[in-house]
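Given next are the chains, with one letter for each unit.
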Amino acid sequence: MSSFGLSMRVKQHFFDRKKVRDQTDRAERKVLSRAGAFIRRRARSSIRRRKKSSKPGQPPSAHVRGNAGIKNILFAYDERSRSVVVGPVKLNGKAGDAPRVLEEGGTTSLQRRRGKKRVKVQVAYPAFPYMGPALEAELPKLPPLWRDSVRG
């Protein structure tokens, strides 16, 4: 028997690296996307629709009709970093720090009207966390998603 024939027989008993890598990548995308969906759902459901403001330390209230603010919490799988990103999306492409200030608290500048003039004012806000608690609540559910995720 030639050495080529022997190496072909031996290779049949080992896994195909490309196939395993492809299956692992596919499973990783699927599991992380599901995790992102769970965290997004938890964050969205923590925001209550009501006229009254939330107490500091509680998730924010949605004061607009419909799902306008709540629908802007999205998730996406990032191929480059092989991770999932979950959080609020900026509207109209305007730069702003409202989501960060809402989550962590802090100061931000707003434009207010003083008669006919618009003036910039610094406003301090307490924290109304909703993304961090959503992640913490969903963390225990994430490891079981990996079980049997790669099948051959």
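Just so you know, these numbers come straight off a predicted model, no measurement behind them.

(A) The overall build of the protein chain, seen in detail. Helices and strands together make up the secondary structure of the protein chain, namely 5 helices and 6 strands. Across the protein chain, helices and strands are ordered from the amino to the carboxyl terminus as α-α-β-β-β-β-α-β-β-α-α. Burial statistics for the protein chain: of 152 residues in total, 22% are counted as buried. Within the protein chain, contacts between residues separated by at least 24 positions form 53% of all contacts whose residues are at least 6 apart in sequence. Within the structure as shown, the protein chain displays about 11800 Å² of accessible surface, and the carbon and sulfur contribution to it stands at 54%.

(B) Summary view of the nonpolar core. Formed by I39, A43, I47, A62, I70, I73, Y130, M131 and A134, the largest nonpolar core amounts to 9 residues. Put simply, the parts of the chain that give this core at least two residues each are α2 (17-46) and α4 (131-138). Residues in contact with Y130, not counting those within four places in the same chain, are A43, S46, I47, P59, P60, I73, P88, P99, L102 and E103. One finds A35, F38, L142 and L145 within the second-largest nonpolar core, a separate group that totals 5 residues.

(C) Summary view of α2. In this model α2 runs 43 Å from its N-terminal to its C-terminal C-alpha over 30 residues, within 8% of the 44 Å that 1.5 Å per residue would give. Within α2, burial applies to Q23, A27, E28, V31, L32, A35, G36, F38, I39, A43 and R44. Elements that come into contact with the buried residues of α2 comprise β3 (73-78), β4 (83-88), α4 and α5 (143-146).

(D) Inspection of the pairing of β3 at higher detail. Relative to β4, β3 is paired through 6 bridges, and the arrangement is antiparallel. Pairing of A76 across the sheet is with V85, part of β4. Counted along the chain from β3 to the antiparallel partner β4, the turn is 4 residues long, and its residue R82 has a positive phi close to 50°.

(E) Focus on the pattern of salt bridges. Scanning the entire structure with this criterion turns up 7 salt bridges. Residue E138 pairs with R42 through a salt bridge whose shortest N-O separation is 2.9 Å. With E138 in helix α4 and R42 in helix α2, this pair connects stretches of sequence that are 96 residues apart. The buried category is assigned to E138, whose relative accessible area is 1%. Residue class for R42 comes out partly exposed when judged on its relative accessible area of 31%. We note a salt bridge from R100 to E104, for which the minimum N-O separation is 3.9 Å. Taken together, the residues span about one helical turn, with R100 and E104 both in helix α3 (residues 98-104) at a distance of 4 residues. When its relative accessible area of 55% is taken as the criterion, E104 is described as exposed. Linked through salt bridges whose partners overlap, the residues forming this network are D25, E28 and R82.

(F) Examining the packing of α2 against α4 more closely. Contact geometry of α2 with α4 gives a least axis separation of 8 Å together with a crossing angle of 130°. In terms of orientation, α2 and α4 fall into the oblique class. Judged by the twist between their axes, the crossing of α2 over α4 is right-handed. Here α2 contributes F38, I39, R42 and A43 to the contact with α4, which in turn contributes M131, A134, L135, A137 and E138. Classifying every residue of the contact of α2 with α4 gives 7 nonpolar, no polar and 2 charged.

Rules used throughout
- Residues numbered from 1 in each chain as written.
- Predicted model: local features only at pLDDT ≥ 70, side-chain atom pairs only at ≥ 80, totals over all residues.
- Heavy atoms only, no water.
- Helix = DSSP H or I, 4+ residues; strand = E, 2+ residues; numbered from the N terminus.
- Buried < 20%, exposed > 50% of the residue type's maximum accessible area, 1.4 Å probe, protein only.
- Contact = heavy atoms within 4.5 Å.
- Areas by Shrake-Rupley, 256 points an atom, 1.4 Å probe, with all protein chains shown as cover.
- Core = buried A, V, L, I, M, F, W, Y, C linked by side-chain atoms within 4.5 Å.
- Expected span 1.5 Å × (residues − 1).
- Pairing = 2+ DSSP bridges.
- Salt bridge = Lys/Arg side-chain N within 4 Å of Asp/Glu carboxyl O.
- Axes fitted to C-alpha atoms, helices over the stretch in contact; angles between N-to-C directions.
- Parallel < 35°, antiparallel > 145°, perpendicular 65-115°, else oblique.
- Left-handed = near helix turned anticlockwise from the far one by under 90°.
- Nonpolar A, V, L, I, M, F, W, Y, C, P; charged D, E, K, R; others polar.

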